[in-house]
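Read off the chains here:
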Amino acid sequence: MSTSTASTRGTADEKPKGGIFGKILLFIRQVIDELRKVVRPTRDELNTYTIALIVFLAVLMAYIVGLDQLLVRLVDWTFA
């Protein structure tokens, strides 16, 4: 007796029937099965992730601009 709750449809050991079209149908079935497992974020989570991304990008941009300004001044000092 098996107590597994996983669906047996679309498993890796399933043998496609019907040649190339069977393989394509198996692939589509497996994609649909995987898409059913996707958990979408809530609106609050999405807002949090968006704000975190914007803050991270702002910090990264500030670092790169600062490094660029430092290198420009170093090159100007070296060759001036």
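Residues numbered from 1 in each chain as written. Predicted model: local features only at pLDDT ≥ 70, side-chain atom pairs only at ≥ 80, totals over all residues. Heavy atoms only, no water.

Peer 1: For this particular structure, what's the right way to read the pattern of salt bridges?
Peer 2: Scanning the entire structure with this criterion turns up two salt bridges. Close ionic contact of Asp33 with Arg36 constitutes a salt bridge, the shortest N to O distance being 3.3 Å. Of this pair, Asp33 and Arg36 both sit in helix 1 (residues 19–36), separated by three residues, roughly a single helical turn. Judged by relative accessible area, which is 14%, Asp33 ranks as buried. Look at Arg36 and you get exposed, because its relative accessible area is 59%. The salt bridge involving Lys37 is made with Glu34; its shortest N-O contact spans 3.1 Å. (Salt bridge = Lys/Arg side-chain N within 4 Å of Asp/Glu carboxyl O. Helix = DSSP H or I, 4+ residues; strand = E, 2+ residues; numbered from the N terminus. Buried < 20%, exposed > 50% of the residue type's maximum accessible area, 1.4 Å probe, protein only.)

Peer 1: What should I look at first to understand helix 1 in this one?
Peer 2: Because each turn of an α-helix spans 3.6 residues, side chains separated by three or four positions in sequence point in the same direction. For helix 1, built from 18 residues, the straight-helix expectation of 26 Å at 1.5 Å per residue is met to within 8% by its first-to-last C-alpha distance of 26 Å. Every buried residue of helix 1 is accounted for by Gly22, Leu26 and Asp33. Down the axis of helix 1, the buried side of the element spans an arc of 35 degrees, and every buried residue falls inside it. Residues of helix 1 that are exposed and angled more than 90 degrees away from the buried face: Ile20, Phe21, Phe27 and Leu35. (Expected span 1.5 Å × (residues − 1). Arc of directions from axis to C-beta.)

Peer 1: Just checking my understanding: could you explain a nonpolar patch on the surface for this structure?
Peer 2: There is a patch of nonpolar side chains on the surface, built from Leu53, Phe56, Leu57, Leu60, Tyr63, Ile64, Leu67, Leu70, Leu71, Leu74 and Trp77 and spanning about 1,200 Å² of accessible area. Assessed through its relative accessible area of 46%, Leu74 is described here as partly exposed. (Patch = residues over 30% accessible without salt bridge, like charges linked within 9 Å, V, L, I, M, F, W, Y side chains within 5 Å. Areas by Shrake-Rupley, 256 points an atom, 1.4 Å probe, with all protein chains shown as cover.)

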